[in-house]
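# Examining the three-dimensional arrangement
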Amino acid sequence: MSASQGLNDCSRGYATQLDDQDRLRHLRKEFIVPTKADLKSKTLVNSASNSENDDQPCIYFCGNSLGLQPRRTSERIISHLTSWAKKGVYGHFTPHEDSNLPPYLHVDDIAAKLMAPLVGALPEEVALMQTLTANLHLMMASFYRPTEDKYKIILEGKAFPSDHVVESQIRHHGFDPKEAMVLIEPENSGSPTISTSHILSIIEKHASSTALILLPGVQYYTGQYLDIERITSYAHNLGLTIGWDLAHAVGNVSLQLHGWNVDFAVWCNYKYIDSGPGVIGGLFVHSRHGEVDLSTRQDGGAGFRPRLSGWWGGDKATRFGMGSDFVPIPGAPGFQLSNPSVLDLTAVIASLEVFALTSMAAIREKSIALTSYLEDLLLHAPAAVGLDEKGLPYQIITPSNTAERGAQLSLLLKPGLLEGVMKALEDAGVVVDERRPNVIRVAPAPLYNTFTEVWEFVHIFKVACLKAQNGRANGGQEVIALKGQDEKGWAQIK
Ligand SMILES: Cc1ncc(COP(=O)(O)O)c(C=O)c1O
């Protein structure tokens, strides 16, 4: 399966052929894909469908926002609820022969072990805890230690509202965000992406006064995948600490956080990890920052990296001793605060079991092929639907280099089309998300999406663009009608 095979053959049959060759196609059945009727229904049970078409699965390209539910999630959650119902507090300690979940006390360890290969970490470098934003604050409490000379934080100008975290941390330490926040803006006003060389030049410019760099692994708006290894290494050579927001990277691209020597990273588990809305988040702390050496206490040191600590991060051997001397578990678990929600962890473990059926390398390989096929069809499929290739009413703002993007393509529509396009997509049972005023984000997830869905999406999307264009030109009246299909299956317009 290569990235650009789609160029020569734009037929639906070719998409089916790509699905037949897909080594991950068996994983789709691990997920519940809503039907079009489910999406339209006003109730949760027995969605009534008005047509045969409504019984079909929707096209769900929104894994960048909220991934689909694995089938095993409800089984695992019911099993957890049963253990709580039947064992009460004994559930903390009692293993069960017919459950693959350990006693509540150790569920966090199992979750971290399953998560580690996805982010290229040692198991002890990962903790599943809190939420992304809370974890960002906790990491900054430990890694942002400003002084009078080195107090700045470098981040990108279009960061997800993480800049509020940064701003509040800067104020918390008594500095002025106007002086202490350095925003990296795209160097070219015609493109929202940022080149690595530009990022490095800003880091170099402010190195002497900077205390921390915080960047996204995959940028939420453009889908750009930053060169984490190179930027981390450059920062380290200048003596700087760097953390990463991996909300859009985890479960999407192959990460090697340990090998790349990343200081810390945070993420959520509801996007490509598929563990449910608002579910518990995750963090990575490199092993060199998680060491506990009590012998240094003799010199007045704490024996571990400073942090905002909580009892659950305390050494397991003494955790229930209820002493007041906090000694953290070595590694990322030593940054935990509270006993974690087992309900949440159960959902994350269910998803990670699905990931364990394959590898991130295989997922990434399919993802590159799937997204490249989407790009090829968006840019080069025949203009049979009536859109002129040269005058397409949209532009892909995600980098075309597959090494610089994950699953998502961000499409910048011509002004005024967004509403009409989104309405037409929704009517056709296609789920993508919008970033106003003019961008839609399209993210086929390799675990459950197919090449045929990509083909159908492009087809529906091009018709949606035409409808939106014509609707605008005719005072909101929809004036296009389909006259049939060409020999490749593309719609033709009367
Ligand atoms: C880049 C990025 N950071 C942070 C968040 C949200 O963090 P939280 O889970 O704490 O609400 C998102 C959510 O979409 C995101 O895209």
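Only a predicted model underlies this, so the values are computations on that prediction, with no experimental measurement involved. (Residues numbered from 1 in each chain as written. Predicted model: local features only at pLDDT ≥ 70, side-chain atom pairs only at ≥ 80, totals over all residues. Heavy atoms only, no water.)

This part is about the domain arrangement of the chain. Entries for the chain in the domain assignment read domain 1 (5–24 + 34–67 + 360–493) and domain 2 (85–352). Relative to domain 2, the C-alpha centre of domain 1 lies at a distance of 34 Å. In this assembly, 26 residues from domain 1 lie in contact with 20 residues from domain 2. The three residues of domain 1 that bury the most area against domain 2 are Leu66, Met360 and Ile397, which together make up 26% of that side's buried surface. Joining domain 1 to domain 2, the criterion identifies zero salt bridges. (Domains from an automatic or database assignment. Contact = heavy atoms within 4.5 Å. Buried area = accessible area lost by both parts, 1.4 Å probe. Salt bridge = Lys/Arg side-chain N within 4 Å of Asp/Glu carboxyl O.)

Near the ligand you find Leu132, Thr133, Phe160, Asp245, Ala247, His248, Tyr270 and Lys271, and these make up its full shell. Interatomic distance of 2.7 Å between a side-chain N/O atom of lysine 271 and an oxygen atom of the ligand. Of the residues in the shell around the ligand, the class split is four nonpolar, two polar and two charged. (Near = heavy atom within 4 Å. Polar contact = N/O pair within 3.5 Å; in protein donor to acceptor, adjacent residues only side chain to side chain. Nonpolar A, V, L, I, M, F, W, Y, C, P; charged D, E, K, R; others polar.)

Turning our attention to helix α1 (residues 12–21). Looking only at α1, the buried set comprises Tyr14, Ala15, Leu18 and Asp19. Summarising the axial view, the buried residues of α1 lie within an arc of 145°, below the 170-degree limit, and thus occupy one face. (Buried < 20%, exposed > 50% of the residue type's maximum accessible area, 1.4 Å probe, protein only. Helix = DSSP H or I, 4+ residues; strand = E, 2+ residues; numbered from the N terminus. Arc of directions from axis to C-beta.)

On to the UniProt feature "modified residue: N6-(pyridoxal phosphate)lysine" (unreviewed entry) in the chain. Under the feature "modified residue: N6-(pyridoxal phosphate)lysine" (unreviewed entry), the UniProt entry names Lys271. Positionally, lysine 271 belongs in the loop between β9 (264–267) and β10 (282–285). The class for lysine 271 is buried, based on a relative accessible area of 10%. Apart from the residues within four sequence positions on either side, lysine 271 is in contact with Gly63, Asn64, Ser65, Leu66, Gly67, Ala247 and His248. (UniProt positions renumbered as here; feature names shortened; annotations may be inferred.)

Hydrogen bonds between backbone groups are what pair the strands of a sheet, and the pairing can be parallel or antiparallel. Strand order in the open sheet formed by four strands is β11-β12-β15-β14, with antiparallel pairing between adjacent strands. Only two strands of the sheet have a single partner each, and these edge strands are β11 (394–396) and β14 (433–435). When the angles between neighbouring strand axes are averaged without regard to direction, this sheet yields 30°. Strands in contact with helix α11 (residues 360–380) are β11, β12 (409–413) and β15 (439–442); relative to β12, the strand with the most contacts, it is inclined by about 20°. Packing of helix α12 (residues 418–427) onto the sheet brings it into contact with β12, β14 and β15, and relative to β15 it is tilted by some 35°. (Pairing = 2+ DSSP bridges. Axes fitted to C-alpha atoms, helices over the stretch in contact; angles between N-to-C directions.)

What follows concerns unusual backbone geometry. Cis geometry is found at the peptide bond from arginine 436 to proline 437, where omega equals 10°. Structurally, the position occupied by proline 437 is in the loop between β14 and β15. Even without being glycine, glutamine 130 reaches a positive phi, approximately 45°. When you line up the elements, glutamine 130 lands in the loop between β4 (126–128) and α5 (132–143). Positioned with a positive phi, asparagine 261 is a non-glycine residue whose angle comes to about 70°. The topology assignment puts asparagine 261 in the loop between β8 (242–245) and β9.

Okay, the environment of proline 161 next. Within the element layout of this structure, proline 161 appears in the loop between β5 (152–156) and α6 (162–172). According to the relative accessible area criterion, proline 161 is partly exposed, its value standing at 43%.

Right, let's get into the packing of aromatic side chains. According to the stated counting rule, one finds 13 aromatic pairs in the structure shown. Summarising the aromatic geometry, the rings of tyrosine 373 and phenylalanine 451 are spaced 5.7 Å apart at their centres and angled 55° between planes, so their arrangement reads as tilted. In this pair, tyrosine 373 is assigned in helix α11 and phenylalanine 451 in helix α13 (residues 451–473), connecting sequence segments 78 residues apart. Phenylalanine 451 matches tyrosine 373 in its accessibility class, with the two residues each being buried. (Phe/Tyr/Trp six-rings, centres within 6.5 Å; stacked < 30°, edge-to-face > 60°.)

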